[in-house]
Amino acid sequence: MQKNIIKFLAFFLAIICIIFFYKKIQGNYNNIPVEIEHEVVYESALPDDFYPFYDQYHTDSLFQLERTVFPLKGLTRSSDSTKVAEEIMWQKKDWILHRPFDHQNGTFERNFTNFGGIISEHISANQGLFTLEKRYAKLNDQWHLIFYQELLMNG
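Thresholds, definitions, all that
Residues numbered from 1 in each chain as written. Predicted model: local features only at pLDDT ≥ 70, side-chain atom pairs only at ≥ 80, totals over all residues. Heavy atoms only, no water. Helix = DSSP H or I, 4+ residues; strand = E, 2+ residues; numbered from the N terminus. Buried < 20%, exposed > 50% of the residue type's maximum accessible area, 1.4 Å probe, protein only. Contact = heavy atoms within 4.5 Å. Areas by Shrake-Rupley, 256 points an atom, 1.4 Å probe, with all protein chains shown as cover. Pairing = 2+ DSSP bridges. Axes fitted to C-alpha atoms, helices over the stretch in contact; angles between N-to-C directions.

Chemist: I'm lost on the overall build of the chain in this one. Help?
Modeler: Across its full length, the chain holds 3 helices and 8 strands. Walking the chain from its N terminus toward its C terminus, one meets helices and strands in the order α-β-β-α-α-β-β-β-β-β-β. Taken over 155 residues, the chain has a buried fraction of 34%. For the chain, the share of sequence-separated contacts (at least 6 apart) that also reach a separation of at least 24 residues comes to 43%. Total accessible area computed for the chain in this model is approximately 10200 Å², and 56% of it derives from carbon and sulfur atoms.

Chemist: How should the sheet that holds strand E4 (residues 85–90) be read in this particular structure?
Modeler: The strands making up a sheet associate through hydrogen bonds between their backbones, and the pairing can be parallel or antiparallel. Here we have 6 strands laid out as an open sheet, ordered E4-E3-E8-E7-E6-E5, and mixed in their pairing. In this open sheet, the two edge strands, each paired with only one partner strand, are E4 and strand E5 (108–115). Each adjacent strand pair in this sheet contributes to an overall mean axis angle of 15°, direction not counted. As judged from the 6 bridges shared by strand E3 (residues 68–77) and E4, these two strands associate in the antiparallel manner. Paired with Gly 74 across the bridge in E4 is Ile 88. Sheet contacts for helix H2 (residues 50–57): E3, E5, strand E6 (118–125), strand E7 (130–139) and strand E8 (142–153); angle to E8, the most-contacted strand, approximately 60°.

Chemist: Sorry if this is basic, but what is going on with the environment of Gly 116 here?
Modeler: Tracing the backbone shows Gly 116 in the loop between E5 and E6. Residues Gly 116 and Ala 137 lie 21 residues apart in sequence; the distance between their C-alpha atoms is 9.5 Å.

Chemist: For this particular structure, what's the right way to read the pairing of E6?
Modeler: Most of E6 is tucked away: 7 of the 8 residues are buried. In this structure, E5 lies alongside E6, joined through 8 bridges in antiparallel fashion. Bridge pairing in E6 places Phe 112 opposite Glu 121. Where E5 folds back on E6, the antiparallel hairpin that results is connected by 2 residues, among which Gly 116 adopts a positive phi of roughly 60°. In the sheet, E6 pairs with E7 via 7 bridges, with the strands oriented antiparallel.

Chemist: Sorry if this is basic, but what is going on with the pairing of E3 here?
Modeler: One face of the sheet, then the other: side chains in a regular strand alternate in exactly this way. Note: E3 against E8, 4 bridges, orientation parallel. Its bridge partner lying in E8, Leu 75 is registered against Gln 149.

Chemist: Where do I start with unusual backbone geometry in this structure?
Modeler: The phi torsion of most residues other than glycine is negative, and most of the peptide bonds are trans. Here the bond from Phe 70 into Pro 71 is cis, since omega is -10°, no more than 30 degrees from zero. Tracing the backbone shows Pro 71 in strand E3. With a phi angle near 50°, Asn 126 is a residue other than glycine that sits in the positive phi range. Here Asn 126 shows up in the loop between E6 and E7. Note on Asn 126: relative accessible area 41%, which makes it partly exposed. The phi dihedral of Asp 141 is positive, around 65°, even though this residue is not glycine. Within the secondary structure, Asp 141 is located in the loop between E7 and E8. Look at Asp 141 and you get exposed, because its relative accessible area is 63%.

Next comes the structure, spelled out in structure tokens:
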């Protein structure tokens, strides 16, 4: 059963990536940015109730721990130098709190996609050489972090 879930998630991620890159290549990736308090930019395709959640998630440590699904599936740097990343189940006791996005004078770029109610946040650096991904979904009518890939080198 767990193998079926892993296969489904891998298939789902592949579909999301294909759609994302197809839209980017076709030049149809035209979400209009909306300015929110303290210079946070969101895309208009996101649900209105996501914005307050996102802001509180990155500024309130207790809220962040409550709204992260532990053990949290994700990717981390591989201990094996032949691989770029390996799967991990992030544990609450080892969690390092996430802070608000900082573009660091343009070094980092961020975009959001909404696919079937799952919000993916992609952060990249050095023209996409390094990427980080977080996925959020509504569970019991509340937003939660459901996946986290730490900053990894692509390639």
